[in-house]
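Okay, here's what each chain looks like letter by letter:
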Amino acid sequence: MDKPKVYVTWRIPEAALDLLESHCHVTVNPADRALNNDELLAAVRGCDAVLCMLTDDINDAVLAAAGPRCKIFANYAVGYNNIDIASATGRGIYITNTPDVLSAATADLAFALLLAVARRVVEGDGFTRAGKFMGWSPLFMLGREVSGKTMGIIGAGRIGQVMARRARGFDMELLYTATSPKPDFEAATGARYVDKDTLLQEADFVSLHVPLTPATWHLIGERELKLMKQTAILINTARGAVVDEKALVAALIAGEIWGAGLDVFEQEPELEPGLAELGNVAITPHLGSSTVETRTNMGLLAARNILAALRGEKPPNCLNLSARNQ
Ligand code: NAP
């Protein structure tokens, strides 16, 4: 019997490709870039499974192009705002993601951004490299203390809870929001469930860990930024459009908040005009999960989801279990 056909939309770590290749005929996008819509439509045609990226717009037309043989689109990410899940379910295609394996790496990056902004690491690095450092002085480039402050976690799910544990290690008080309270998380960390406005008013640092959905689009806008302390720092490692970036740039210029650490952007990879010129921001190019270990584990998880679906089983990280009960 012919091996099942799997299309991988961008080269991923070898261990994951090896696992897939031991059971399947695998084609990998040879270009080191995301496919455009027309290329994606052509590439997925007649596949049994597709391993896709958060940069791929998996819309109804792409799912239709894959055709009736296709059992699964395995997203190489935990977020799945790039996929039309309802369409996939209607077409009997499983959608999976890569939860948990990237939580530590993403929380670490969020904490790195927090430390970088609070302690002016990026600004200080640029200053020193530019040859401007003339020696120590008592009031020079003062930052904000991190230890012992109040951390506000918006979206206390997998990554948010890991971020909270990082904050506990810095002796911080914890406030959080989610769609519902988390008694176990509260018992383990002493975190307090509050409404969003209370969190914004009381937290020294606000870290975003919600998925991008219609309900979280521009969750942080002009009104929310005005509620924050002037000394506060906003960290976004979730998705760019959770923050109204125009309002954020205006708030940073006006000094309404102290600074921001951003790993994700509304119009990725474009930056909001004015953002890159600001000294009180640290920006990274969507690096949340980008460690050798995590990207390998994400690939292995996506590959295992594909192999399970091809065996006729429900994949372990399925987001639409009803897909093949139609
Ligand atoms: P998760 O476990 O599903 O956690 C999401 C949290 O957000 C949950 O606590 C959920 O509340 C809460 N939430 C959802 N809608 C909300 C709303 N409208 N208001 C307040 N809270 C809301 O997801 P995760 O694994 O932690 O990942 C979170 C997101 O991080 C992903 O969706 C992805 O977009 C992003 N991410 C980015 C990177 C990067 O490279 N920068 C890497 C990984 C992930 P309940 O628990 O009550 O449902």
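Below you will find a few notes about this structure. Per chain, residues are indexed from 1 in the order of the written sequence. Note on the predicted model: pLDDT of at least 70 is required for a residue's local features to be given, and 80 or more for side-chain atom pairs to be given and counted; whole-chain, interface and lining totals, by contrast, use all residues. Water and hydrogen atoms play no part in the side-chain values, which are based on all heavy atoms of the structure.

Quick notes on the pattern of salt bridges
Move 1: Any carboxyl oxygen of Asp or Glu within 4 Å of a side-chain nitrogen of Lys or Arg constitutes a salt bridge here. Tallying each qualifying case throughout the model produces 16 salt bridges.
Move 2: Measuring nitrogen to oxygen at the nearest pair gives 2.9 Å for the salt bridge that ties Arg11 to Glu14.
Move 3: Buried, partly exposed and exposed residues are distinguished by accessible area as a fraction of the type maximum, computed with a 1.4 Å probe on protein chains only: under 20%, between the cut-offs, and over 50%, respectively. Judged by relative accessible area, which is 52%, Arg11 ranks as exposed.
Move 4: With a shortest N-O distance of 3.0 Å, Asp204 and Lys229 are connected by a salt bridge. Here Lys229 lies in the loop between α10 (222-227) and β10 (233-236) and Asp204 lies in the loop between α9 (196-202) and β9 (205-208), a separation of 25 residues in the sequence.
Move 5: Several salt bridges converge on common partners, so that one network encompasses Lys196, Asp197, Arg223 and Glu224. Secondary structure elements are taken from DSSP: a helix is a run of H or I of four residues or more, a strand is a run of E of two residues or more, and numbering for both begins at the N terminus.

Re the packing of helix α1 (residues 14-21) against helix α12 (residues 292-310)
If you want to describe how two helices pack, look at the angle between their axes and the distance between the axes.
Move 1: In this analysis, axes come from line fits to C-alpha atoms, helices being fitted only over the stretch in contact, and the angle between any two N-to-C directions falls in the range 0 to 180 degrees. Their axes nearest at 7 Å, the elements α1 and α12 cross at an angle of 15°. Accordingly, the angle class assigned to the pair α1 and α12 is roughly parallel. The element α1 and its partner α12 pack so that their crossing is right-handed. For the pair formed by α1 and α12, the contact residues are Ala15, Ala16, Leu19 and Leu20 on the first element and Thr296, Gly299, Leu300, Ala303, Arg304, Ile306 and Leu307 on the second. The labels follow the angle: roughly parallel below 35 degrees, roughly antiparallel above 145, roughly perpendicular from 65 to 115, and oblique for the rest. The hand of a helix crossing depends on one turn: near helix anticlockwise from the far one by less than a right angle means left-handed, and clockwise means right-handed. Contact criterion: two residues are considered in contact whenever any of their non-hydrogen atoms come within 4.5 Å of each other.

A look at the site of the ligand
Move 1: Around the ligand sit 26 residues, and of these Arg158, Ile159, Thr179, Lys182 and Thr237 come closest.
Move 2: In protein, a polar contact requires one atom able to donate a hydrogen and another able to accept it; more generally it is a pair of N or O atoms within 3.5 Å, and residues adjacent in sequence count only if both atoms are side-chain atoms. Between Thr179 and the ligand, the recorded distance is 2.5 Å, taken from a side-chain N or O atom to an oxygen atom.
Move 3: For the ligand, an oxygen atom lies 2.7 Å from a polar atom in the side chain of Lys182.
Move 4: Surface burial for the ligand is 83%, taken as the share of its 940 Å² of free accessible area covered by protein chains.
Move 5: Here the residues of the shell around the ligand sort into ten nonpolar, twelve polar and four charged. A cutoff of 4 Å decides nearness: a residue is near a molecule or strand if any of its heavy atoms lies inside that distance of it. Every accessible area reported is derived by Shrake-Rupley at a probe size of 1.4 Å, with residue values counting cover from the shown protein chains alone. Gly is put with the polar residues, along with every residue not named as nonpolar or charged; the nonpolar set is Ala, Val, Leu, Ile, Met, Phe, Trp, Tyr, Cys and Pro, and the charged set is Asp, Glu, Lys and Arg.

What to know about the nonpolar core
Move 1: One finds Val8, Leu20, Leu51 and Met151 to be the most contacted residues of the largest nonpolar core, which totals 53 residues.
Move 2: Here the element with the most residues in this core is helix α5 (residues 103-118); it accounts for nine residues.
Move 3: Counting only domains with at least three residues in this core, you end up with domain 1 (5-100 + 292-321) and domain 2 (103-283).
Move 4: Ignoring anything within four residues of it in the chain, the contact list for Leu20 reads Val6, Val8, Val26, Leu51, Ala303, Ile306 and Leu307.
Move 5: Here, the term nonpolar core denotes a set of buried Ala, Val, Leu, Ile, Met, Phe, Trp, Tyr and Cys residues that are joined through side-chain atoms within 4.5 Å. Listed in part, the 30 residues of the second largest apolar core include Leu175, Leu208, Leu219 and Leu262. Marked domain ranges trace back to an automatic or database domain assignment.

Observations regarding the sheet that holds strand β3 (residues 49-52)
Move 1: The rule for pairing is simple: two strands pair if DSSP sees at least two bridges between them. As summarised here, the arrangement of the five strands in space is β2-β1-β3-β4-β5, forming an open sheet in which the pairing is parallel. In this open sheet, the two strands that pair with only one neighbour each are β2 (25-28) and β5 (94-96). Strand-to-strand twist in this sheet, taken as the mean axis angle between neighbours without regard to direction, amounts to 15°.
Move 2: When strand β4 (residues 72-75) meets β5, the two strands line up parallel, connected through three bridges. Directly across from Ala74, in β5, lies its bridge partner Thr96.
Move 3: Lying over the sheet, α1 contacts β1 (5-8), β2 and β3, oriented at roughly 145° with respect to β2.

Here we look at the pairing of β2
Move 1: Where burial is concerned, the two faces of β2 differ: the one with Val26 and Val28 is buried and the one with His25 and Thr27 is not.
Move 2: Crossover handedness is defined by viewing with both strands directed away from the observer: a clockwise path from the first strand over the helix to the second marks the crossover as right-handed. Between the parallel pair β1 and β2, the chain is carried across by α1, and the sense of this crossover is right-handed.

Focus on the side chain of Asn59
Move 1: With respect to the helices and strands, the residue Asn59 is situated in the loop between β3 and α3 (60-66).
Move 2: At a separation of 3.3 Å, a polar atom in the side chain of Asn59 contacts the side chain of Asn37.
Move 3: Here Val62 takes part through its backbone nitrogen, which lies 2.9 Å from a polar atom of the side chain of Asn59.
Move 4: In contact with Asn59, other than residues within four places in its own chain, are Asn37 and Asp84.

So, the pairing of β9
The side chains of a regular strand alternate, residue by residue, between the two faces of the sheet.
Move 1: Taking every second residue as pointing to the same face, both faces of β9 are buried, with Phe205 and Ser207 on one and Val206 and Leu208 on the other.
Move 2: Bridging between strand β6 (residues 150-154) and β9 involves four bridges; their strand directions are parallel. Across the sheet, Met151 pairs through a bridge with Phe205, a residue of β9.
Move 3: A crossover links β9 with its parallel partner β10, the connecting element being α10, and its sense is right-handed.

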